[in-house]
2 protein chains.
Amino acid sequence: MVDRIYNFSAGPATLPVDMLEQASKDIVNYSDTGIGLIEMSHRSKEFMAVAADTESLLRDLMEIPANYKVLFLQGGASSQFFMIPMNLLGSGEKASYLNTGTWSKKAIKEAQLFGDIDIAYSSEEQTFNRVPLPSDYTVDPDSEYLYFVSNNTIYGTQFSAFPKTDTILISDMSSDILSRKIDVSKFGLIFAGAQKNMGPAGVTVVIIRDDLLDKVPANIPTMLKYKTHADKDSMFNTPPCFAIYAVGEVLKWLKKKGGVEAIETINKAKASLLYDCIDSTDYYRGHAEKTSRSLMNISFNLPNSDLEGKFIKEAVKIGLNGLKGHRSIGGCRASIYNAFPTAGVEKLVAFMKDFEASNQV
Amino acid sequence: MVDRIYNFSAGPATLPVDMLEQASKDIVNYSDTGIGLIEMSHRSKEFMAVAADTESLLRDLMEIPANYKVLFLQGGASSQFFMIPMNLLGSGEKASYLNTGTWSKKAIKEAQLFGDIDIAYSSEEQTFNRVPLPSDYTVDPDSEYLYFVSNNTIYGTQFSAFPKTDTILISDMSSDILSRKIDVSKFGLIFAGAQKNMGPAGVTVVIIRDDLLDKVPANIPTMLKYKTHADKDSMFNTPPCFAIYAVGEVLKWLKKKGGVEAIETINKAKASLLYDCIDSTDYYRGHAEKTSRSLMNISFNLPNSDLEGKFIKEAVKIGLNGLKGHRSIGGCRASIYNAFPTAGVEKLVAFMKDFEASNQV
């Protein structure tokens, strides 16, 4: 039994060891209060400070402008698929979507319940192996917003430059938030489930420009209005306290690492190790077109599915877990988010070379 | 600094120490897998087993019949306020509500967005100091369901016998689930946020009779249909893994304690200690009418608010925390859920007697 294995899971995913060890202490006795973090009232001064610190760290690391609200919501990123059109699309209004994978497709399906949805671009026929260049699509001038997924976890594609548009830009950044420097002021709304780059499952971060809060129709349930949560600093009802705390601890770790710019450099280097290995041989084939490659999720194939099965099985034996690709495209996938250590990528690359040498077709 | 204090918080609330210590280990290295519980894919065989065990323990402890689904949802109990009418009330249909406190009032407000709401009973004019007897109200025969809150956390009232009705009975049991034996087969739907009697904040349990799953209108968002989650065993999207795990650990503790019947006996004895103290003097006055008294939350007043402030402050000094009453009625409140130790109640009672003796008006 290895002490700690390398976990390539797409999410929930590897977290910083420092953060896990801190949580392990705080869960039993938070900061010598005599009770555990998960037993504290969400209105206690201790937990209010935890929530405020988490928000403030996120603002700091992402340089979020003052006219944006940061919300910590429940229901997963999947709940944003309907909350966005429910809050931002009036009756008969239109929105544009870029369809670059499973998650954008699901978002489109929910949006269609609320308005007229223009699919400005789709790479579905190419098994979502690319994201578009700005020249690949036009956005309907009547659209209230343009929605896209910045990184497609399953297919291993990522927008290296963001869409430019005159309308409000909205992005699902679940699988690459905090992995690279972005300019929040270019967006109307950014959201991300925590369980890839930010923490454990159970909380979704929404960053919303405050002028959008009042667009919401009157007759929707209180809990589904962004404004409800914005007005109460995400404390309208009991928030998912542990998940918010854990995000805060991950952010502290990231700050210590040097912040977003520092981690971006590391992320580029980590992904290069893997892509260089893939590009050095015909044995491994990357799923994504080169210009659309993700720094977070590397989806690739071996010469055949028998070899892929053997590859995944042998990897587990040496402590490389979670390399099975998503069922929708099969093959292999290495998810290497912020907290995934470079040493694990190096070990995978060494294993890939060994495996290729001993398993020729 | 005392090692462990007594935490009378209304929720998130005291959890079993055994459970906290187990979580502290599992969070860093779950069952010797080499990764922490909160880093594991929700589709890993390890986490799938955690979720299945949690459900199976709950079914076992509550004797939930086979024709009921158990769902682990996000969004807090507050999200059930709208999900229930959204899923169960067709256009123009009617439902009846018993208004016995802040939480039923909020539920009524959300339900009014979806249908014709009949408030069959309200104790609002008496500051919600009682719950009704069956003879206190009649339910509109056209109602699709009757909704009530089994225990009112803020006011310290509790239904000792449940409403009898020919229509579907729905109950918010957030603050007394698993505290006493109930017959699930009498209900159409039971729900409860975890953070009082079941675990940490971040997951809400819904127990729903399976014939109700198909009543849902077609054009509501996928994530808001009970059926979506029932069909996928609460794994339609990434669930709040840690909270589900933690509920499982609390349930293991409860089973070891002897289950629901055993804890009910303990709960009655714990509450009696406090009520006997209150009834033995005019110094302390219980908020609830005697026949409506809660075994979970004991709300009481002292001769005046200055003394209440002093009482709360002095209690903290000897490790009795969280005794401040809810802002809507003031005074004091002791929340003594399943995991709250009898020794803590005994210490509070001793303190109450001392305080009364040294603080006469």
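Not measured: the values here are computed from a predicted model.

1. Remarks on the overall build of chain A
What chain A contains, in helices and strands, is 9 helices and 14 strands. Dimensions of chain A, computed from the C-alpha atoms along their principal axes, are close to 65 × 55 × 30 Å. Considering chain A as a whole, with its 361 residues, one finds that 63% of them fall into the buried category. If you sum the accessible surface of chain A, you get close to 13,700 Å²; carbon and sulfur atoms cover 49% of it. For chain A, the separation between the mean place of its 38 positive charges and that of its 43 negative charges on side chains is 3 Å.

2. Re the packing of helix 1 (residues 17-26) of chain B against helix 6 (residues 241-257) of chain B
Residues and elements named next belong to chain B. Two elements in contact, helix 1 and helix 6, have axes whose closest approach is 9 Å; the angle formed by their N-to-C orientations is 140°. Between helix 1 and helix 6, the angle falls in the class oblique. With respect to the hand of their crossing, helix 1 and helix 6 are arranged in right-handed fashion. Along its contact with helix 1, which presents D18, M19, Q22, A23 and D26, the element helix 6 presents F242, Y245, A246, E249, V250 and W253. Classifying every residue of the contact of helix 1 with helix 6 by side-chain character gives 7 nonpolar, 1 polar and 3 charged.

3. Brief notes about the side chain of N359 of chain B
Residue and element names in this part refer to chain B. Among the structural elements, N359 can be located in the segment after helix 9 (342-358). You can call N359 buried: its relative accessible area is 7%. A distance of 2.5 Å separates polar atoms of two side chains, one belonging to N359 and the other to K310. Each residue touching N359, except ones within four places of it in the same chain, is listed here: Y283, L307 and K310.

4. A short note on the pairing of strand 4 (residues 116-122) of chain B
All names here are of chain B. One ladder, built from 6 bridges, connects strand 3 (residues 94-99) with strand 4; its direction is parallel. Note that in strand 4 the partner of N99 across the bridge is S122. Traced from strand 3 through helix 4 (residues 102-111) to strand 4, the parallel crossover comes out right-handed.

5. Re the domain arrangement of chain A
Residue and element names in this part refer to chain A. Structurally, chain A comprises domain 1 (18-256) and domain 2 (258-358). The gap between the C-alpha centroids of domain 1 and domain 2 is 27 Å. On the side of domain 2, 26 residues touch domain 1, which itself brings 27 residues to the contact. Summed over both partners, the interface of domain 1 with domain 2 buries about 2,200 Å², with 53% contributed by carbon and sulfur atoms. Between the two partners, domain 1 and domain 2, sit 1 salt bridge. Residue R130 pairs with E289 through a salt bridge whose shortest N-O separation is 3.1 Å. Taken together, the connections running from domain 1 to domain 2 amount to 19 residue pairs in polar contact (both at pLDDT 80 or more). Elements represented by at least two residues in the side of domain 1 that touches domain 2 include exactly strand 7 (157-158) and helix 6 (241-257). A total of 4 residues in the side of domain 1 that touches domain 2 trace back to one element, the largest contributor, which is helix 6. A per-class count over the side of domain 1 that touches domain 2 returns 8 nonpolar, 12 polar and 7 charged.

6. Concerning the pairing of strand 10 (residues 204-209) of chain B
The two faces of a sheet get side chains in turn, since along a regular strand they alternate between them. Residues and elements named next belong to chain B. Counting buried positions along strand 10 yields 5 of 6 residues, so the element is predominantly enclosed. As paired strands, strand 2 (residues 68-73) and strand 10 are joined by 6 bridges and run antiparallel to one another. Each residue of the ladder has a partner; that of L73, found in strand 10, is T204. Sheet topology places strand 9 (residues 189-193) next to strand 10; 5 bridges connect them, and they run antiparallel. Each bridged residue has a counterpart across the sheet, and for G193 the counterpart in strand 10 is T204.

What counts as what
- Residues numbered from 1 in each chain as written.
- Chains lettered and ligands numbered in written order.
- Predicted model: local features only at pLDDT ≥ 70, side-chain atom pairs only at ≥ 80, totals over all residues.
- Heavy atoms only, no water.
- Helix = DSSP H or I, 4+ residues; strand = E, 2+ residues; numbered from the N terminus.
- Buried < 20%, exposed > 50% of the residue type's maximum accessible area, 1.4 Å probe, protein only.
- Areas by Shrake-Rupley, 256 points an atom, 1.4 Å probe, with all protein chains shown as cover.
- Lys, Arg positive; Asp, Glu negative; His and termini not counted.
- Charge placed at Lys NZ, Arg CZ, Asp CG, Glu CD.
- Axes fitted to C-alpha atoms, helices over the stretch in contact; angles between N-to-C directions.
- Parallel < 35°, antiparallel > 145°, perpendicular 65-115°, else oblique.
- Left-handed = near helix turned anticlockwise from the far one by under 90°.
- Contact = heavy atoms within 4.5 Å.
- Nonpolar A, V, L, I, M, F, W, Y, C, P; charged D, E, K, R; others polar.
- Polar contact = N/O pair within 3.5 Å; in protein donor to acceptor, adjacent residues only side chain to side chain.
- Pairing = 2+ DSSP bridges.
- Right-handed = clockwise from strand over helix to strand, strands pointing away.
- Domains from an automatic or database assignment.
- Buried area = accessible area lost by both parts, 1.4 Å probe.
- Salt bridge = Lys/Arg side-chain N within 4 Å of Asp/Glu carboxyl O.

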